[in-house]
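Chain by chain, the residues:
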Amino acid sequence: MKSGLLSFVVIAFLLFSNNSIAQSSKEDKKKEKQQLITSIVADSQHYVFVAQTASPQNGKLVNLSYGYDIVISKDSIKSYMPYYGRAYSGIEYGATTSPLEFLSTKFTYKTVTKKKGDGWDITIEIIDQPDSKKLMFSIYDNGSASLMVTTSNRSQISFSGDIVAVKPKKE
């Protein structure tokens, strides 16, 4: 009887200690991810926004397939994003590419830390495109992000997704 009770106490101890070890490793991973996001967004300004959903102004939520992203660096912005919405004027007839598919080297970049200190609000104004664009990111330190895009000739559209580090090119 005593050996059964002793083995029960040992098993219970092992289960609870294993749970606390797993919990501390989850917390360590969370802190590590927060430090990575902070370093790539606030310090290096070299990251990728990977879109998962799109929400047009007058439409339903659209789940996006893999591959829609915006690569942001200090000297350029490369956007490959879809557009769902209404065009107002100045639109090229028969255009087959998205208006959010562009490469820009002239833009303004403004970062504001959120009040709670858990992320950043980033505003990017694209200058060298025919249709002026404003990208407003809301990035959190856990890596999640939202993006609202306004243009001069189209209805606005919002996206949600994640921020990831830029993968080095294979040579």
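This text goes with the structure placed above it.
Residues numbered from 1 in each chain as written. Predicted model: local features only at pLDDT ≥ 70, side-chain atom pairs only at ≥ 80, totals over all residues. Heavy atoms only, no water.

Draft legend 1. How the structure looks around the overall build of the protein. Along the protein, the regular secondary structure elements total 1 helix and 10 strands. Ordered by position from N to C terminus, the α and β elements of the protein give α-β-β-β-β-β-β-β-β-β-β. Burial status across the protein gives 30% buried among its 171 residues. (Helix = DSSP H or I, 4+ residues; strand = E, 2+ residues; numbered from the N terminus. Buried < 20%, exposed > 50% of the residue type's maximum accessible area, 1.4 Å probe, protein only.)

Draft legend 2. Inspection of the nonpolar core at higher detail. Counting 29 residues, the largest nonpolar core has F49, F137, I139 and F159 as the members making the most contacts within it. Elements supplying a minimum of two residues to this core: α1 (2-43), β1 (47-56), β3 (69-72), β7 (119-126), β8 (133-140), β9 (144-151) and β10 (157-165). What F137 contacts, discounting residues up to four positions off in sequence, is F49, I70, I72, W120, D121, I122, I124, S146 and L147. (Core = buried A, V, L, I, M, F, W, Y, C linked by side-chain atoms within 4.5 Å. Contact = heavy atoms within 4.5 Å.)

Draft legend 3. Focus on the packing of aromatic side chains. Counting across every chain of the model gives 2 aromatic pairs. For the pair F49 and F137, a centre-to-centre distance of 5.5 Å together with 70° between the ring planes defines the contact as edge-to-face. In this pair, F49 is assigned in strand β1 and F137 in strand β8, connecting sequence segments 88 residues apart. Judged by its relative accessible area of 2%, F137 is buried. With a centroid separation of 5.4 Å and an interplanar angle of 15°, the aromatic rings of Y68 and Y80 are classed as stacked. Note that Y68 is positioned in the loop between β2 (62-63) and β3 and Y80 in strand β4 (residues 77-80), a separation of 12 residues in sequence. Since its relative accessible area comes to 41%, Y80 is described here as partly exposed. (Phe/Tyr/Trp six-rings, centres within 6.5 Å; stacked < 30°, edge-to-face > 60°.)

Draft legend 4. Spotlight on the environment of L103. Relative to the assigned elements, L103 resides in strand β5 (residues 101-104). With 32 residues separating them in the primary sequence, L103 and V71 have C-alpha atoms 9.5 Å apart. The contacts of L103, once residues within four sequence positions are left out, are S76, I77, K78, D128 and Q129.

Draft legend 5. Representation of the side chain of S104 within the structure. Relative to the helices and strands, S104 resides in strand β5. Taking relative accessible area as the criterion, S104 reaches 0% and is therefore assigned buried. Engagement of the side chain of S104 in a polar contact is seen with the backbone oxygen of K106, the distance being 3.2 Å. Not counting the four nearest positions on each side in its chain, S104 is found in contact with D75, S76, I77, I126, D128 and Q129. (Polar contact = N/O pair within 3.5 Å; in protein donor to acceptor, adjacent residues only side chain to side chain.)

Draft legend 6. Summary view of the side chain of S79. Here S79 lies in strand β4. Using a relative accessible area of 5% as the deciding quantity, one classes S79 as buried. Engagement of the side chain of S79 in a polar contact is seen with the backbone oxygen of L100, the distance being 2.5 Å. Residues contacting S79, with those up to four places away along its chain left out, are D69, I70, L100, E101 and F102.

Draft legend 7. Geometry of the pattern of salt bridges. Applying the stated criterion across every chain, the model contains 1 salt bridge. For D121, the salt bridge is made with K114, and the minimal N-O distance between the two is 2.8 Å. Of the residues examined, K114 reaches a relative accessible area of 14% and is grouped as buried. (Salt bridge = Lys/Arg side-chain N within 4 Å of Asp/Glu carboxyl O.)

Draft legend 8. Summary view of the pairing of β3. Alternating positions in β3 separate cleanly, I70 and I72 being buried on one face and D69 and V71 remaining unburied on the opposite face. Taken together, the 4 bridges between β1 and β3 define a ladder with antiparallel strand orientation. Residue pairing in the sheet places V48 in a bridge with V71 of β3. Relative to β4, β3 runs antiparallel, the two sharing 4 bridges. Among the inter-strand pairings, D69 is bridged to a residue of β4, identified as Y80. (Pairing = 2+ DSSP bridges.)

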